[in-house]
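Tertiary structure, described
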Amino acid sequence: MQNATTPAFDISAKTHNPNAGLRGNYARMAADYTVPQQMDDYSAAEQSRWLRLVERQLALIPGRACSEFLGAVLGNPALDMRRGIPDFAQVNVALKAATRWQLVGVPGLLPDDVFFTHLANRRFPVTVWLREESEFDYIVEPDLFHDFFGHVPMLFTPIYADHLEAYGHGALKAKQLGGLDWLARLYWYTIEFGLIRQQGKLLAYGAGVLSSPKELLYALESDVPARLPFDTMRSMRTRFLIDDVQNTYFVLDSFEQLRTETAPDFAPYYESLRAEGA
Ligand code: HBI
Ligand code: FE
């Protein structure tokens, strides 16, 4: 289901060697790839860029973001992004109380097993650098805005927070079973580009959709992409495009559905996907 020109790009391949041509300063990171967030490092230009990114996206999400995301962004003072670039340490006080998750600063994309080990320990890696002005409308790699605006609000929702920890454990197991590329597709079509139907309305919960003005409108309103009922195996058979809008989106009926569909042991799934050559 992908166009012939853009080869399917598997993000996990890109992250096997995080230092290969990626941004961010990996020189001073800890053994677990975390770096301190230096609030004084952000320039006035970056603070202004952050605010413009936030204002633009806040104007688009009412009626397009799921209720849990909207509730967190508009209702939780710890997530008032209009005050400027958030201090992870301050957000962590509220986040820990809400779902026992913590944000950790990272220099950028991490090797899969490092990333998943953080998730399995309820630590969400948030990139500390912000995109350049020239990338205002689009950036391929996750930056501070994508990670914080797109991913962090959902961490305040317990059922989602539990799923993400379970996903981290599952991904570490998948790596042992050779199933990581398939499970990466599941992550892509849920955590990154997932849609959900709530009170009959099609809404977004995926971070890649919620943090992109173009993709938010396209994923919900364009008649080009396929929108399929969420199906674990089908999502793991569907290759994704890392540097373009998606051809296919998967729609949940509820977050309960995501939890129950991903509760079973995935080993048999990997066996049949391997047999199919998916
Ligand atoms: N590293 N910092 C960071 N952020 C990600 O979203 C990320 C990563 N490394 C691996 C990875 N994602 C992928 O393997 C998952 O999206 C499946
Ligand atoms: Fe992301």
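Just above sits the structure.
Residues numbered from 1 in each chain as written. Chains lettered and ligands numbered in written order. Predicted model: local features only at pLDDT ≥ 70, side-chain atom pairs only at ≥ 80, totals over all residues. Heavy atoms only, no water.

1. A few points about the site of ligand 1
Around ligand 1 lies a shell of 10 residues, among which Gly108, Leu110, Asp112, Phe115 and Tyr187 are the nearest. Measuring from a nitrogen atom of ligand 1, one finds a backbone N or O atom of Gly108 at 2.9 Å. Burial of ligand 1 by the protein chains amounts to 99% of its free accessible area of 390 Å². When each cavity is represented as a set of grid points, ligand 1 is found to reside in the largest pocket. Taken together, the elements giving at least two residues each to the shell around ligand 1 come down to helix H1 (11-16), helix H5 (112-120) and helix H8 (180-192). With 3 residues, the top contributor of residues to the shell around ligand 1 is H5. Residues of the shell around ligand 1, tallied by class, amount to 7 nonpolar, 2 polar and 1 charged. (Near = heavy atom within 4 Å. Polar contact = N/O pair within 3.5 Å; in protein donor to acceptor, adjacent residues only side chain to side chain. Areas by Shrake-Rupley, 256 points an atom, 1.4 Å probe, with all protein chains shown as cover. 1 Å grid on protein atoms, 1.4 Å probe; cavity = no way out; pocket = protein on both sides within 12 Å on 5 of 7 lines; lining within 4 Å. Sits in = over half its atoms within 2 Å of the grid points. Helix = DSSP H or I, 4+ residues; strand = E, 2+ residues; numbered from the N terminus. Nonpolar A, V, L, I, M, F, W, Y, C, P; charged D, E, K, R; others polar.)

2. Description of the packing of helix H2 (residues 44-60) against helix H10 (residues 213-221)
For the pair H2 and H10, the least separation of the axes is 10 Å and the interaxial angle reads 15°. Classified by the angle between their axes, H2 and H10 sit roughly parallel to one another. The handedness of the crossing between H2 and H10 is right-handed. Residues Arg56, Gln57 and Leu60 of H2 form the contact with H10, whose participating residues are Pro213, Leu216 and Leu217. (Axes fitted to C-alpha atoms, helices over the stretch in contact; angles between N-to-C directions. Parallel < 35°, antiparallel > 145°, perpendicular 65-115°, else oblique. Left-handed = near helix turned anticlockwise from the far one by under 90°. Contact = heavy atoms within 4.5 Å.)

3. Quick look at the pairing of strand S6 (residues 248-252)
Most of S6 sits out of view: 5 of its 5 residues are buried. The alternating pattern of S6 places Thr248, Phe250 and Leu252 on one face and Tyr249 and Val251 on the opposite face, and all of these are buried. In terms of strand pairing, strand S3 (residues 195-198) meets S6 through 2 bridges, oriented parallel. Paired with Leu195 across the bridge in S6 is Val251. Relative to S6, strand S5 (residues 226-229) runs parallel, the two sharing 4 bridges. Note on S6: the bridge partner recorded for Arg227 is Tyr249. Once you follow S5 into helix H11 (residues 232-237) and on to S6, the crossover reads as right-handed. (Buried < 20%, exposed > 50% of the residue type's maximum accessible area, 1.4 Å probe, protein only. Pairing = 2+ DSSP bridges. Right-handed = clockwise from strand over helix to strand, strands pointing away.)

4. Let's talk about the packing of aromatic side chains
Under the definition given, this model contains 18 aromatic pairs. For the pair Trp50 and Phe145, a centre-to-centre distance of 5.7 Å together with 75° between the ring planes defines the contact as edge-to-face. With Trp50 in helix H2 and Phe145 in helix H6 (residues 144-151), the pair connects residues that are 95 residues apart, well separated along the chain. Of the two residues examined, Trp50 and Phe145, each falls in the buried class. (Phe/Tyr/Trp six-rings, centres within 6.5 Å; stacked < 30°, edge-to-face > 60°.)

5. A closer look at the layout of surface pockets
Over the atoms rolls a probe the size of a water molecule, and in doing so it shows where empty space is left. Put simply, the largest pocket is a space of about 700 Å³. As for the largest pocket, its lining consists of 41 residues, and the residues nearest its centre are Val140, Pro142, His146, Trp188 and Glu192. Secondary-structure elements contributing two or more residues to the lining of the largest pocket are H1, H5, strand S2 (123-127), H6, H8 and H10. Ranked by residues supplied to the lining of the largest pocket, first place goes to H8 with 4 residues. (Points joined across faces, edges and corners; volume = space filled by probe spheres on them.)

6. Comments concerning the environment of Trp182
Note on placement: Trp182 falls in helix H8. Judged by its relative accessible area of 9%, Trp182 falls in the buried class. Each C-alpha atom of the pair Trp182 and Ala207 lies 19 Å from the other, and the pair is 25 residues apart in sequence. Sequence-distant contacts of Trp182, that is, excluding residues within four places in its chain, are made with Met236, Tyr270, Leu273, Arg274 and Ala278. Polar contacts involving the side chain of Trp182 include one to the main-chain carbonyl oxygen of Ala278, which spans 3.0 Å.

7. So, the coordination of the iron ion (ligand 2)
Under ideal tetrahedral coordination, the four donors around a metal are separated by 109.5 degrees; under ideal octahedral coordination, the six donors are separated by 90 or 180 degrees. Note on the iron ion (ligand 2): its protein donors are His146 (NE2), His151 (NE2), Glu192 (OE) and Glu192 (OE). The metal-donor distances range over 2.0 to 2.7 Å. Around the iron ion (ligand 2) sit 4 donor atoms; with metal-centred angles ranging over 53 to 135°, the donor geometry is irregular. Expressed as a motif, the donor residue spacing for the iron ion (ligand 2) is H-x4-H-x40-E. Of this pair, His146 sits in helix H6 while Glu192 is found in helix H8, placing the two residues 46 residues apart along the sequence. (Donors = N, O, S within 2.8 Å, 3.2 Å for Na, K, Ca; no water. Tetrahedral: all angles 85-135°; square planar, octahedral: opposite > 155°, others 65-115°.)

No statement about biological role is implied by the geometric values presented.
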